[in-house]
Amino acid sequence: MIKNYFSSGNTSQGFYSFFEYLPYQCDRVFMIKGGPGTGKSTFMKRIAEKMVEEGYDLEKHWCSSDKESLDGVVVPKLKVALLDATAPHLVDPKYPGAVDEIINLGRYWDKSPLRQNKDKIVSLSKGVWNSFQKAYAYLKEAKLIHDEWEDYYLEGMDFQQANCKAEDLIEQILGEQQLAEQLGAERHLFGSAFTAQGTINYFDNITQDMEQRYIIKGRAGTGKSTLVKKVGQAARERGFDVCYGHCSFAPDSVDLLVIDQLKVALLDGTAPHVVDPAYEGDQIVNMLECVDPGVVKNNRRIIANTKRRYQIVIDKAQDMIKQAKFLHDELEDYYIEVMDFDAVEERRQEVEEELLRAENRG
């Protein structure tokens, strides 16, 4: 089984990373360094393909700016992770040699042409950075509009009814489970991302092996994230490990919760990641039931107008992320031309063989 995640995001708070949670419970971490176009993603993809051939389950962690590019791979059974350790997710070894190992693909390039094209490389790098900064400014503006959008629903919100829904859900999921001596572990990732190809989500993939899925429906400001957080905290208090999938637009919010030990998931099923019941164990939790419909009706015109304003700004942010991708692709070309990919492939095979030998010894 392959599960797909994002470990970072282009959000209304700028670039937001949960990269520290990528190598979850891993004893070995390979940190891959190198410039754009040096083959980091391909290096990981090919190792992932080999691990699948050998019958291992995998986690693939995709780039939040380019859904075709990998930022990391985790092989849970081997307790091994590989990750892109270059900007913007700079990662350095905590336990060099003992746990962490750096693979520097910069060893396999010819520096002379890069120096000759220094001015163009610097200009493109600055262009990528500037495009992202403009995108983040638009996303920040969109968040202010989204907060205004939320207010029109909060005006009619019955918070006690929302609290009751949360308590009912906790009762359904956790039943008579007693508080544990220690909190369960927590992991934080993204199940979706705002990429150059648009908003991408892996909610169905991440929850495909769950026996019970609670699909939370509602609108901005109807308490979906608060409900998910309450259930997650209650599960941790009873000793269960939980994985939170944060909102790719507003990372303080949570769109997804997985309690793997119970085979239970909660997921936000409203736009932009629409999820509808598809499996026998799916159940809808409708947070709009906690909102006075008369208030929504009275605010319907201004809500529609706010939604339009929000979409206009989001589209501008999308254009800037596309522009960053375009410039990044041009930047990659300078590195692709000077790379010794045969040497990179040889190093990849060495890592692959090392991982498989270690498993056979175990």
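In this report, the structure presented in the accompanying data block is examined. (Residues numbered from 1 in each chain as written. Predicted model: local features only at pLDDT ≥ 70, side-chain atom pairs only at ≥ 80, totals over all residues. Heavy atoms only, no water.)

**Considering the packing of helix H4 (residues 159–174) against helix H6 (residues 224–237)**
For clarity, the cut-off: To obtain an axis, a line is fitted to C-alpha atoms, over the contacting stretch when the element is a helix, and the angle between two such axes runs from 0 to 180 degrees between their N-to-C directions. Here a strand is any run of E in DSSP of at least two residues, a helix any run of H or I of at least four, and the numbering for each starts at the N terminus. Angular relationships are summarised with four words: roughly parallel below 35 degrees, roughly antiparallel beyond 145, roughly perpendicular across 65 to 115, and oblique for the angles in between. Definitions for this section: a left-handed crossing has its near helix turned counterclockwise from the far helix by less than a right angle. A right-handed crossing has that turn clockwise. Contacts between residues were defined by any pair of non-hydrogen atoms, one from each residue, lying within 4.5 Å. Charged means Asp, Glu, Lys or Arg here, nonpolar means Ala, Val, Leu, Ile, Met, Phe, Trp, Tyr, Cys or Pro, and polar covers whatever is left, Gly included.
Contact pair H4 / H6: the axes reach a minimum separation of 10 Å and the direction vectors enclose 40°. Here H4 lies oblique to H6, going by the angle between them. Considering the relative orientation of H4 and H6, their crossing is right-handed. In contact with Asn163, Lys165, Ala166, Leu169, Ile170, Ile173 and Leu174 of H4, H6 contributes Leu227, Lys230, Val231, Ala234 and Ala235. Residue composition of the contact of H4 with H6, by class: nine nonpolar, one polar and two charged.

**So, the packing of aromatic side chains**
Using the following cut-off: Each pair of aromatic rings taken from Phe, Tyr and Trp, with Trp reduced to its six-membered ring, is defined by centres within 6.5 Å and is described as stacked if the planes are under 30 degrees apart, edge-to-face if over 60, and tilted in the remaining cases. Using a 1.4 Å probe on the protein chains alone, a residue whose accessible area is under 20% of its type maximum counts as buried, one over 50% counts as exposed, and one in between counts as partly exposed. Criterion for a charge above a ring: Arg CZ or Lys NZ at most 6 Å from the ring centre, at most 35 degrees from the ring normal.
In total, this model carries nine aromatic pairs according to the counting rule given. Arranged with centres 5.5 Å apart and planes meeting at 50°, the rings of Trp109 and Tyr335 form a pair that is tilted. Of this pair, Trp109 sits in the loop between strand E8 (100–104) and helix H2 (111–116) while Tyr335 sits in helix H8 (residues 300–336), and the two are 226 residues apart along the sequence. Overall, Trp109 belongs to the partly exposed group, its relative accessible area being 23%. With relative accessibility at 12%, the residue Tyr335 sits in the buried group. Taken together, the ring pairs connect Tyr16, Phe18, Tyr21 and Phe190 into an aromatic cluster. Between the NZ or CZ atom of Arg187 and the centre of the ring of Tyr5, over which it lies, the distance is 5.9 Å.

**Focus on the pairing of strand E12 (residues 212–217)**
Note the cut-off: Here, any two strands with at least 2 DSSP bridges between them count as paired.
A large share of E12 lies buried, amounting to five of its six residues. Where E12 meets strand E15 (residues 264–268), five bridges bridge the pair, whose relative direction is parallel. The residue of E15 that forms the bridge with Arg213 is Ala265. In terms of strand pairing, E12 meets strand E16 (residues 282–286) through five bridges, oriented parallel. By the bridge assignment for E16, Ile215 is matched with Ile284.

**Description of the state of the cysteines**
Put simply, the test is: Pairs of cysteine sulfur atoms within 2.5 Å are what we label disulfides.
For the structure shown, the criterion picks out zero disulfides. For Cys26, which is in no disulfide, the shortest distance to another cysteine sulfur is to Cys243 and amounts to 13 Å. Of the residues examined, Cys26 reaches a relative accessible area of 14% and is grouped as buried. Unpaired in this structure, Cys290 has its nearest cysteine sulfur neighbour in Cys164, at a distance of 8.7 Å. Relative accessible area serves as the criterion here: at 1%, Cys290 is assigned to the buried category.

**Side note on unusual backbone geometry**
Backbone geometry places Gln25, a non-glycine residue, at a positive phi of 60°. The exposed category is assigned to Gln25, whose relative accessible area is 53%.

**Remarks on the environment of Ala142**
Along the chain, Ala142 turns up in helix H3 (residues 118–154). The exposure class assigned to Ala142 is buried, which follows from its relative accessible area of 0%. Each C-alpha atom of the pair Ala142 and Phe249 lies 9.3 Å from the other, and the pair is 107 residues apart in sequence. Those residues within four positions of Ala142 in sequence are excluded, and the remaining contacts are Phe249, Tyr310, Val313 and Ile314.

**With respect to the pattern of salt bridges**
In plain terms, the rule: The salt bridge definition used is simple: a Lys or Arg side-chain nitrogen within 4 Å of an Asp or Glu carboxyl oxygen.
Per the counting criterion, the structure on display carries 25 salt bridges. For Lys3, the salt bridge identified is with Asp209, shortest N-O distance 2.9 Å. Of the two residues, Lys3 is situated in strand E1 (residues 2–6) and Asp209 in the loop between helix H5 (203–206) and E12; the sequence distance between them amounts to 206 residues. Overlapping salt bridges bring together Arg28, Glu101, Arg347, Glu350 and Glu354 as one network.

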